[in-house]
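Coordinate inspection notes
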Amino acid sequence: MNGYGGNVLRLNLSTGEVKVQPLGVEMAREWIGQRGFIAKILWDELKPGIDPLGPDNKLVMSTGPLAGTLVPAGGKVSFGAKSPATGIYGESCMGGHIAAEMKYAGYDVIILEGAAAKPSYLYIEDDKVEIRDAAHVWGKGAMQAEKALKDELGEDFQICTIGPAGEKLVKYACISHDFGRQAGRTGMGTVMGSKNIKAIAICGSKSIPLADMTTAVAKGKEMLKGCFAKENLDEWQDYGTAGVPVWANKIGAFPTKNFQSSYLEGNEALDGKIMREKMVINDKGCFGCPSPCGKYCYVKEYDVYTEGPEYETTALIAGSCVFTDIEQVGYMNYLCDEMGLDTISAGNVIGFAMECFEKGIITTEQVGREIKFGDVDSFKFLAEQITTRQGIGNVLAEGVKYAAEQFGRGSTNFAIQIKGLEWSGYESRSAPSNMLAYMTCDLGAHHSRAWSVTHDMAVGRKVLEGKAQKVVELQHIRPFFDLIGCCRLQWVEIGFELEHYPEIFRYITGFDYSQDDLMKISEKVWNLTRAFAWREIEDYGRKYDYPPARFYEEAVTSGPNAGDTLTKEALEYLLDDYYNLRGWNKNGLPTREKLEQMGLGFVVQELQGLSRKLA
Amino acid sequence: MRIALNEARCSGCRTCQVICGLHNFAENNPKKAALKIIGHFPAPGHYEIKICDQCGVCAATCQFAAIYEIAGVYHIDKKKCTGCGECMEACPSQAMFRHRAEQAPIKCVACGQCVELCQRGALYDADSKEVQ
Ligand code: SF4
Ligand code: SF4
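Below: a short report on this structure. (Residues numbered from 1 in each chain as written. Chains lettered and ligands numbered in written order. Predicted model: local features only at pLDDT ≥ 70, side-chain atom pairs only at ≥ 80, totals over all residues. Heavy atoms only, no water.)

1. Looking at the packing of helix H2 (residues 34–45) of chain A against helix H23 (residues 515–536) of chain A
Residues and elements named next belong to chain A. Rules: Every axis in this analysis is a line fitted to C-alpha atoms, fitted for helices over the stretch in contact. Angles between the N-to-C directions lie between 0 and 180 degrees. What counts as a helix is a DSSP run of H or I of at least four residues, what counts as a strand is a run of E of at least two, and both are numbered from the N terminus. Crossing handedness is read from the near helix: turned anticlockwise from the far helix by less than a right angle, it gives a left-handed crossing, and turned clockwise, a right-handed one. Throughout, a residue-residue contact means that at least one pair of heavy atoms, one from each residue, lies within 4.5 Å. Three classes are used, and their members are as follows: Ala, Val, Leu, Ile, Met, Phe, Trp, Tyr, Cys and Pro are nonpolar, Asp, Glu, Lys and Arg are charged, and the others, Gly among them, are polar.
Direction vectors running N to C along H2 and H23 enclose 35°, while the axes themselves pass 10 Å from each other. Crossing handedness for the pair H2 and H23: left-handed. Contacts between H2 and H23 involve Arg35, Gly36, Ala39, Lys40, Leu42 and Trp43 from the first element and Ser522, Val525, Trp526, Leu528, Thr529, Ala531, Phe532 and Arg535 from the second. Considered class by class, the residues forming the contact of H2 with H23 number 8 nonpolar, 3 polar and 3 charged.

Here it is, written out as structure tokens:
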């Protein structure tokens, strides 16, 4: 099929059975790829109520039709499963080169079912698929394991791995690839670990068929050159997202001291320029990327190599845990990456623990030592305790929501999460649309679906009207890139125009979709993942969409937005407006009419079968 | 065109490999490219570019006279090539490649497509530009 690898690879790890099925045209046409495939497969194949870490969960790896072709940055792959962090739909996206490689091997989707009896890895070389023993790499750091397997299998293999945190089922373990790219969120590395899979190694030699080769190549070249010509390309590729922390502080959005403030004193020392001078040794990009954001670093002070720190890592490690030395941040980035911890959740959880300690909610006795903000040894100690699930690490490994429930004494108010997923890098009390974006993200408190701080700045940071509209719009556009297998940062960061994508999509796949049609499909997936959560949790709805009390009861403590809060009434207004625009009921649940209009009749039927009351 | 390298600039995007396969085989398949990007990670953390510099050792090695020169560029005559691979072994730049679906090795013909799409200037035309 044009634009596709053409097959779905299904491995039952319990029985060792390997099945290859052709990807259906209907599936491709209706769900495009990547996140669309994942959502549909998880809806169809997972029984509600299963244990996310049991053999009934499935880990689905999928990329989209533009990946591996001559488009800007067609190198994205997503992993999906029922999330062990949130208990609802989980998914995380990653760059590097393995998305393209999957397609050269002939696969758009790889589904892992069951669980291997012993530590294993997947060996995929075109049609040759084997479940191999991984005893020799089990226990190794994520990048060490990748290196060991590369040395063993050859340079031509693209490999993703988990670190010890994934093996130990830490709820925010990531999947790592290309020595510094991670699918970090919602515990996809945890699910991989629960299946006893240390790595997936892929090498492909096949060609991807294109619907119209001549025009696809011409358009691809035009798009790449369009990116090359963007005015801010050079600044972007010098600093990547490492240029963002200082800006985020200037506008008061930097999550500081476990989100007490939105401004970190001394943040100038984290600037990309300083980072570049001190540690960057290479600009590293994903497959096909015209604007490489990866800043590959050697941190001399600690004698370690690491990709990054990129913005989110700096926000949650430097901001939330209070560090202003970029080399220290680089070192902690390295530690998390090797251990296989998502730097967002890990930074968030550790910042929370530091605050609990400062407030006397947890004690030296419980922790085993003193811990404090801004102390590398404290961070390292906690990261190691979490990864090995020792002492207090065993509680923190379950995530900030669970930890707060255990610690009590008001700590839930400042456990910065939604739906069980730790908040990523933007403090949003002074950015209502961005607050709403996090509140309504289908995964939990994450920025990937909609991010709209700049919109708040453009139309007024106290304004509430119209904010929901923007969030809805962005929740269709940004995740659209996660349908087609492309990075969104060319559009977000260097201003490359969205209009190009439907056109090249047509030349590559032969499917004649307008931009509107594609956005409708993106909206359909949005409704499906919301329905997935409701299928799992009977009383799902509005009450799952609120941020922690800190954001509506406490004011920002310092910086340009000191004194700001968002009232509970403001949050209600935003949610009402949002649900209304989505065609959902007051409780934030899709109505029968909306689902049917989206072509999700099968969802209506199943929800009714489970006695969910559809309005 | 004389293709020259500035490896320190390479970001590993492999766009060069994609366009090479498209241009020379009319296939979306970077595994059929006549150049190769090799990452050296985690240490020392850089990319290596394997590409032909048209030195002609392959032509001198070939027992079947399957490699010929036009204007300083060496081409493989696929009809004469037996796929023995001796040229590949002799290549001092390790810049000839094998693909399982092709009998003949894959070799750069200096078409310059990769240079056109290397945003980073890691591949450049030494005839039109001084060292970058
Ligand atoms: S912008 Fe960054 S994340 Fe996106 S493709 Fe390029 S290197 Fe990868
Ligand atoms: S196109 Fe340039 S930057 Fe990209 S891999 Fe090739 S040589 Fe490196």
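From this point on, the discussion continues.
2. A few points about the interface of chain A and chain B
Stated precisely, the cut-off is as follows: Defined here as a combined quantity, buried area equals the accessible surface (1.4 Å probe) lost by two parts on assembly, summed across both. For this analysis, a salt bridge means a side-chain nitrogen from Lys or Arg found within 4 Å of a carboxyl oxygen belonging to Asp or Glu. The term polar contact refers here to a pair of N or O atoms within 3.5 Å; inside protein, the definition further demands a hydrogen-donor-capable atom paired with an acceptor-capable atom, and it admits residues adjacent in sequence only when both atoms are side-chain atoms.
Across the contact, 42 residues belong to chain A and 35 residues belong to chain B. When chain A packs against chain B, close to 3,100 Å² is buried across both sides, 52% of that on carbon and sulfur atoms. For the pair chain A and chain B, the number of links is 8 salt bridges. Here B:Arg120 and A:Asp283 are joined by a salt bridge, their closest N and O atoms 2.8 Å apart. Between chain A and chain B we count 23 residue pairs in polar contact (both at pLDDT 80 or more) in total. At the level of secondary structure, the elements contributing two or more residues to the side of chain A that touches chain B comprise helix H3 (98–104), helix H7 (213–228), helix H8 (233–239) and strand S13 (280–284) of chain A. Top contributing element to the side of chain A that touches chain B by residue count: H7(A), with 6 residues. Each residue belonging to the side of chain A that touches chain B can be placed in one class, and the counts come to 19 nonpolar, 11 polar and 12 charged.

3. Comments concerning the nonpolar core
The condition is simple: To form a nonpolar core, buried Ala, Val, Leu, Ile, Met, Phe, Trp, Tyr and Cys residues must be joined to one another through side-chain atoms within 4.5 Å. Accessible area is worked out with a 1.4 Å probe on protein chains only. A residue is then buried under 20% of its type maximum, exposed over 50%, and partly exposed in between.
Counting residues in hydrophobic clusters, the biggest one holds 92 residues, and the most contacted among them are A:Leu341, A:Phe379 and A:Leu396. Counting residues per element, this core draws most heavily on helix H13 (residues 343–358) of chain A, which supplies 9 residues. Once residues lying within four places of it in the same chain are set aside, the contact partners of A:Leu341 are A:Ala165, A:Val170, A:Tyr172, A:Cys174, A:Cys336, A:Ala346, A:Ala383, A:Ile386 and A:Thr387. Counting residues in each nonpolar core, the second largest holds 78 residues, with A:Ile38, A:Cys293, A:Phe496 and B:Val18 among its members.

4. Quick look at the sheet that holds strand S12 (residues 197–203) of chain A
Residue and element names in this part refer to chain A. Convention followed: Strand pairing follows a simple DSSP-based rule, namely that at least 2 bridges must link the two strands.
The mixed open sheet is built from 6 strands, whose spatial order is S8-S7-S12-S9-S10-S11. Single-partner strands in this sheet number two, and they are strand S8 (128–133) and strand S11 (181–183). The mean angle between the axes of side-by-side strands here comes to 20°, regardless of whether they run parallel or antiparallel. As paired strands, strand S10 (residues 175–177) and S11 are joined by 3 bridges and run antiparallel to one another.

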